[in-house]
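Structure assessment
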Amino acid sequence: MFIDRLKDRITKVPYAVWIGIALFVLIYPAYFSHIMTDKIWKIAWVIVVAAILFLYAWRRRISGIMILCTLMYGIIFVVTVFKGGNFVTLLRQGGTMVALVMLTELCEGCRDVFYRTVIVYATLLVFVNFISIIAFPGGLYYETHIMDGRLIQEHRFWFLGYKNGIGKYCFFDLILIALYNYRTASGSMGKPGAVAEVSRKRATRLRIFFNDNREWIFFYSVAGISLLSTVLIKSAMSMTVILLFTLGTLLVRPIEKYKPFVFDFRIFCGIAVAACLVIAVFRQWGFLEFFIEKIFHKNAGTFGGRKIIWENAIMRIGQSPLWGHGYITEDDFRVFLNYHNASDAHNYYFTLLINGGILSFACFAGVIAKCGYNIIKNKFKPAGIILSGALFLLLIMMIVENTKNGMVWIVLTLAYHMEQKEYCFKKLKITV
């Protein structure tokens, strides 16, 4: 049988290779799209997505997050087609997110091989990007934007793209490393690993410490590189998120007795919702200006552009609140919001409401609600604590930035399936 022969050939190749190839195509560095023709990536993308879709269909199971993610982008796709928008670009962007959800589920969620492969790939991207920042502090390459026949903006880009997108790669990489560390015996911050236990009698104290905490040494090394990267490119929001998440991992053990309260997602969610209401409904932006000026010592006048964008975005949302306006490209967004720097709404929630209206937003809110429910159920476990802080910071980040990084859906899928033991403890097996 053809299927049996195909299955035998697939299973002979290490799973890490297949996962790595899929990640390389679905989450590729921005610099590659700059130096190579887009046709190559389109062909590779079609092959990878088709393979993932075939394996997922053969699995004959569909999850709630898969339904919600598909519905979210499906609604935007229908509206885009109906209004004559650029549905080809949307198909690639939305298809990538759906494919990453399927890939994560095909690998049965948080499995060791899947974790290690994603972490190695993401860390490699972060490290190469750091080298590009050091080697080219003024930018690896530039992109200019022209509006009404005149140059309006010139952005600096590095290996992973523009400065606001670089921090997201670093943040999601740190989340996965922290989750993986708490799944391993030697990554439990103080509990000796197998290697250290065997050689404890002969090892020096330094060697014992290194063996017992090598995973966390790796985590804080990546965190240091990430923080330095965001400082050098002057990405204030990314720097804040990475710093808070790193400090949060340090606080987990010392305050273990009180961690269910300190890291309670219900408190975090309340803060995030309140912040959204203050900005979107009450439009009280003075505290953000104070935060930018006093904490980051930046000119609060630079925040004025976001206020104009948000005002125009809220007006556009009100014109078609239920199903939105469909997908809008970055160049068209500037015209749509009547502002030269508005490549998007600089707010994920506003961008989603503009693209797919309340219907698409409800699908995304359903994913967040289920993830939050699982986190609350597992608030006494390290994974619940880590994901509680990570999801809170992600929700806050989405208030001031648009999040198009595909790794967000990997993290959300892991959180969505966190309560299912078969997604956390069995060996990796791709069902075909």
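Just so it is clear, the structure is predicted and the values come from calculations on it, not from any experiment.

Attention now goes to the confidence of the model for the chain. Put simply, the chain has an average pLDDT of 79, and 76% of its residues get 70 or more. By mean pLDDT, the top-scoring element of the chain is helix α5 (residues 64-82) (94), and the lowest-scoring one is helix α9 (residues 194-198) (40). Every residue in residues 185-203 is under pLDDT 50, and counting partners more than four places away or in other chains gives 35 contacts. Note on residues 421-432: pLDDT under 50 across the span, and 33 contacts to partners over four residues away in sequence or across chains.

In this section: the packing of helix α11 (residues 236-251) against helix α18 (residues 382-400). Between α11 and α18, whose axes approach to 10 Å, the crossing angle comes to 165°. Our classification of the angle between α11 and α18 gives roughly antiparallel. α18 is crossed by α11, and the crossing has right-handed handedness. Mapping the contact onto sequence places M237, V241, L244, F245 and T249 in α11 and I386, A390, L393, I396, M397 and V400 in α18. Residues that form the contact of α11 with α18 fall into these classes: 10 nonpolar, 1 polar and no charged.

What follows concerns the side chain of R92. Looking at the secondary structure, you find R92 in helix α6 (residues 87-106). Discounting residues that sit within four places of it in the chain, R92 has contacts with Y28, D38, W41, K42 and W45.

Let us look at the layout of surface pockets. The space that makes up the second largest pocket amounts to roughly 460 Å³. As for the second largest pocket, its lining consists of 23 residues, of which A272, V273, C276, Y349 and F361 are closest to the centre. Put simply, the parts of the chain that give the lining of the second largest pocket at least two residues each are α13 (265-280), α15 (304-319) and α17 (348-377). With 10 residues, α17 is the single largest residue contributor to the lining of the second largest pocket. The class makeup of the residues in the lining of the second largest pocket is 21 nonpolar, 2 polar and no charged.

In this structure, F171, F245, F364, W409 and L412 are the most contacted members of the largest nonpolar core, which totals 116 residues. Setting aside its immediate chain neighbours within four residues, F364 contacts M72, Y348, Y349, L352, M398, W409 and L412.

Together, L124, F127, V128 and I131 make up a nonpolar patch on the protein surface, roughly 340 Å² of accessible area in all. As for its placement among the helices and strands, F127 is situated in helix α7 (residues 112-135).

Right, let's get into the packing of aromatic side chains. As enumerated under the stated definition, the model contains 25 aromatic pairs in all. When the ring of Y28 is compared with that of W41, the centres are 4.5 Å apart and the planes differ by 10°; the resulting orientation is stacked. You can see Y28 sitting in the loop between α2 (15-26) and α3 (30-35) and its partner W41 sitting in helix α4 (residues 38-59), a full 13 residues away along the chain. Each member of the pair Y28 and W41 is classed as buried. The interplanar angle of 85° and the centroid separation of 6.5 Å between the aromatic rings of W310 and F350 together place this pair among those described as edge-to-face. Separated by 40 residues along the polypeptide, W310 in helix α15 and F350 in helix α17 bring together distant segments of the chain. Assessed through its relative accessible area of 6%, F350 is described here as buried. Joined through ring pairs, the aromatic side chains of F24, Y28, Y31, F32, W41, Y141, F157, F159 and Y162 make up one cluster. Taking the ring centre of F336 as reference, the NZ or CZ of R316 above it sits at 4.2 Å.

Our next topic: the environment of N347. Tracing the sequence through the fold places N347 in the loop between α16 (330-336) and α17. Taking the C-alpha atoms as reference points, N347 and T403, 56 residues apart in sequence, are found 8.2 Å from one another. A distance of 2.6 Å separates a polar atom in the side chain of N347 from the backbone oxygen of I399.

As a further point, take unusual backbone geometry. The residue K234 is not glycine, and still its phi comes out positive at about 60°. Looking at the secondary structure, you find K234 in the loop between α10 (205-233) and α11. With a relative accessible area of 61%, K234 lands in the exposed category. Here the phi dihedral of H346 falls at roughly 55°; this positive angle occurs in a residue that is not glycine. Here H346 lies in the loop between α16 and α17.

About the criteria used
- Residues numbered from 1 in each chain as written.
- Predicted model: local features only at pLDDT ≥ 70, side-chain atom pairs only at ≥ 80, totals over all residues.
- Heavy atoms only, no water.
- pLDDT = per-residue confidence, 0-100.
- Helix = DSSP H or I, 4+ residues; strand = E, 2+ residues; numbered from the N terminus.
- Contact = heavy atoms within 4.5 Å.
- Axes fitted to C-alpha atoms, helices over the stretch in contact; angles between N-to-C directions.
- Parallel < 35°, antiparallel > 145°, perpendicular 65-115°, else oblique.
- Left-handed = near helix turned anticlockwise from the far one by under 90°.
- Nonpolar A, V, L, I, M, F, W, Y, C, P; charged D, E, K, R; others polar.
- 1 Å grid on protein atoms, 1.4 Å probe; cavity = no way out; pocket = protein on both sides within 12 Å on 5 of 7 lines; lining within 4 Å.
- Points joined across faces, edges and corners; volume = space filled by probe spheres on them.
- Core = buried A, V, L, I, M, F, W, Y, C linked by side-chain atoms within 4.5 Å.
- Buried < 20%, exposed > 50% of the residue type's maximum accessible area, 1.4 Å probe, protein only.
- Patch = residues over 30% accessible without salt bridge, like charges linked within 9 Å, V, L, I, M, F, W, Y side chains within 5 Å.
- Areas by Shrake-Rupley, 256 points an atom, 1.4 Å probe, with all protein chains shown as cover.
- Salt bridge = Lys/Arg side-chain N within 4 Å of Asp/Glu carboxyl O.
- Phe/Tyr/Trp six-rings, centres within 6.5 Å; stacked < 30°, edge-to-face > 60°.
- Lys NZ or Arg CZ within 6 Å of the ring centre and 35° of its normal.
- Polar contact = N/O pair within 3.5 Å; in protein donor to acceptor, adjacent residues only side chain to side chain.

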